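# Close look at the chain arrangement
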Amino acid sequence: MRKRILVTGGAGFVGSHLCERLLIEGNEVYCLDNFFTGSKDNVVHLMANPYFELIRHDVINPYHIEVDEIYNLACPASPIHYQYNPIKTIKTSVMGAINMLGLAKRVNAKILQASTSEVYGNPLVHPQPESYWGNVNPMGERSCYDEGKRAAETLFRDYHAQNNVKTKIIRIFNTYGPKMHPNDGRVVSNFIMQAIQNQDITVYGKGKQTRSFQFVDDLVEGMIRMMSTAESFRGPVNIGNPVEFTILELAEKIIELTNSKSKIVFEELPSDDPLMRKPDITLAKKELDWEPKIQLEEGLKKTIEYFKQFTEPKNNDYEEKSISYRRSTDHENAA
């Protein structure tokens, strides 16, 4: 029997991959997006499928639909996007969670929250287990995203405790792959775009800060496995690759794979940029029987191939989205 599944942020980088996978598995998929960071181009190949529906909607407003499951992915995830309108960002996380949890309560749907490793802030514990409460600055440039996601987790916890909503929480660590926005400001897309154009590769600080990078297909597998677990297991659970690389090592690997003539240049480290980020995935292995399968070099090759279409960077698309987004949300800044 087909499940009716709503994916908020479904036209985004991760959401579009999830929609495709859910359709392959024989489900009826409703993709909801306001198209600030998402793009119709990411899901246009799914439009001919009679069991796929694309809906333009912003999750800060309630939405009504009869579904069995909800994947709540809606929220800008890269600093250049979530810092553009920080009030809107935190509203998306908090009001979006409230609205989707309310929907799940009304229709008795199971709901998964796509939380983030950013809830750990600049961690004092390494690697980060789910039991770690984090080291987050509530007054920084990244706070709108970090604290918004932390508040959403609290809402998921309380909607289950008070209303018995069937909730799931995953914490997503750095993810990359095809369909990333070429100008989203994240390290993998930045480095690849600079390398394929033989531009200097910008590394912040001394490049010694570490990250763990998971390919998007591994993330989608983890999300689906989490949704299918018993109701008694609600998370949160880390979904990420525990193999750790320095930012400098990533830059050197991308130069190698692209045969680039780029040189590495160093700039000042941004404020609140975490120095370490690595998931402890013991819980995911135990409860989901999950661990990442695609290693960095294999995933980077697939991602580089996708980014080659953007050899001549087109910033107009992002600028037009930003202008449209600003016009539609200017009144939010006064709230």
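Turning our eyes to something else, we now look at helix α6 (residues 216-227). Between its first and last C-alpha, α6 extends 17 Å over 12 residues, near the 16 Å set by a 1.5 Å rise per residue. Most of α6 is tucked away: nine of the 12 residues are buried. Residues of α6 that are buried: Val-216, Asp-218, Leu-219, Val-220, Gly-222, Met-223, Ile-224, Met-226 and Met-227.

The subject of this paragraph is the packing of aromatic side chains. Evaluated as defined, the whole model comprises eight aromatic pairs. Ring pairs connect the aromatic residues Tyr-120, Tyr-132 and Phe-173, which therefore count as one cluster. One residue, Arg-2, lies across the ring of Tyr-51, its end atom 3.5 Å from the ring centre. Sitting over the face of the ring of Phe-35, Lys-40 holds its NZ or CZ atom 5.5 Å from the ring centroid.

Now for the confidence of the model for the protein chain. Averaged over every residue, the pLDDT of the protein chain is 90; the share at 70 or more is 92%. Below a pLDDT of 50 lies the segment residues 318-335, which in the model reaches 25 contacts outside its immediate sequence neighbourhood of four places, other chains included.

Most of strand β2 (residues 28-33) is tucked away: six of the six residues are buried. Tracing the backbone out of strand β1 (residues 4-8), into helix α1 (residues 13-24) and back to the parallel element β2 gives a crossover that is right-handed. With five bridges joining them, β2 and strand β3 (residues 52-56) adopt parallel strand pairing. The partner of Cys-31 across the bridge, within β3, is Leu-54.

Okay, the state of the cysteines next. In the structure shown here, the tally under the stated rule is zero disulfides. The closest cysteine sulfur to the non-disulfide-bonded Cys-19 is located on Cys-31, 4.2 Å from its own sulfur. The buried category is assigned to Cys-19, whose relative accessible area is 0%.

Glancing now at the side chain of Asp-146. If you trace the backbone, Asp-146 turns up in helix α4 (residues 143-163). Despite its burial, Asp-146 remains without a salt bridge, the nearest opposite charge being carried by Arg-142 at 4.5 Å. Among residues more than four places away in sequence, those in contact with Asp-146 are Glu-118, Val-119 and Val-136.

Within a sheet, adjacent strands bond to each other through the backbone by hydrogen bonds, running parallel or antiparallel. Taken in spatial order, the seven strands of this open sheet run β3-β2-β1-β4-β5-β6-β11, and their pairing is parallel. Of all strands in the sheet, those bounded by a partner on one side alone are β3 and β11 (237-239). Strand-to-strand, the axes of this sheet are offset by a mean angle of 20°, without reference to chain direction. Where strand β4 (residues 69-72) and strand β5 (residues 110-116) come together, four bridges link them in parallel fashion. Note that in β5 the partner of Asn-72 across the bridge is Gln-113. Along the sheet, helix α3 (residues 86-107) makes contact with β1, β4, β5 and β6 (166-172), crossing β4 at roughly 175°. Each of β4, β5, β6 and β11 touches α6; the most contacted strand, β6, lies at about 155° to it.

Within the largest apolar cluster, 57 residues are counted, with the highest numbers of intra-cluster contacts made by Leu-18, Tyr-71, Ile-170 and Met-223. Looking at this core element by element, the count peaks at seven residues for α6. Not counting chain neighbours up to four residues away, the residues in contact with Met-223 comprise Val-14, Leu-18, Tyr-71, Leu-73, Leu-112 and Ile-170. Residues Ile-55, Met-100, Phe-156 and Tyr-159 belong to the second largest nonpolar core, which totals 24 residues.

Moving on, we get to a nonpolar patch on the surface. A contiguous nonpolar patch, built from Tyr-204, Leu-269 and Leu-275 and spanning about 240 Å² of accessible area, is present on the exposed surface. As for its placement among the helices and strands, Leu-275 is situated in the loop between β13 (264-267) and α8 (282-288). For Leu-275, a relative accessible area of 44% corresponds to the partly exposed category.

Thresholds applied
Residues numbered from 1 in each chain as written. Predicted model: local features only at pLDDT ≥ 70, side-chain atom pairs only at ≥ 80, totals over all residues. Heavy atoms only, no water. Helix = DSSP H or I, 4+ residues; strand = E, 2+ residues; numbered from the N terminus. Expected span 1.5 Å × (residues − 1). Buried < 20%, exposed > 50% of the residue type's maximum accessible area, 1.4 Å probe, protein only. Phe/Tyr/Trp six-rings, centres within 6.5 Å; stacked < 30°, edge-to-face > 60°. Lys NZ or Arg CZ within 6 Å of the ring centre and 35° of its normal. pLDDT = per-residue confidence, 0-100. Contact = heavy atoms within 4.5 Å. Right-handed = clockwise from strand over helix to strand, strands pointing away. Pairing = 2+ DSSP bridges. Disulfide = S-S within 2.5 Å. Lys, Arg positive; Asp, Glu negative; His and termini not counted. Salt bridge = Lys/Arg side-chain N within 4 Å of Asp/Glu carboxyl O. Axes fitted to C-alpha atoms, helices over the stretch in contact; angles between N-to-C directions. Core = buried A, V, L, I, M, F, W, Y, C linked by side-chain atoms within 4.5 Å. Patch = residues over 30% accessible without salt bridge, like charges linked within 9 Å, V, L, I, M, F, W, Y side chains within 5 Å. Areas by Shrake-Rupley, 256 points an atom, 1.4 Å probe, with all protein chains shown as cover.

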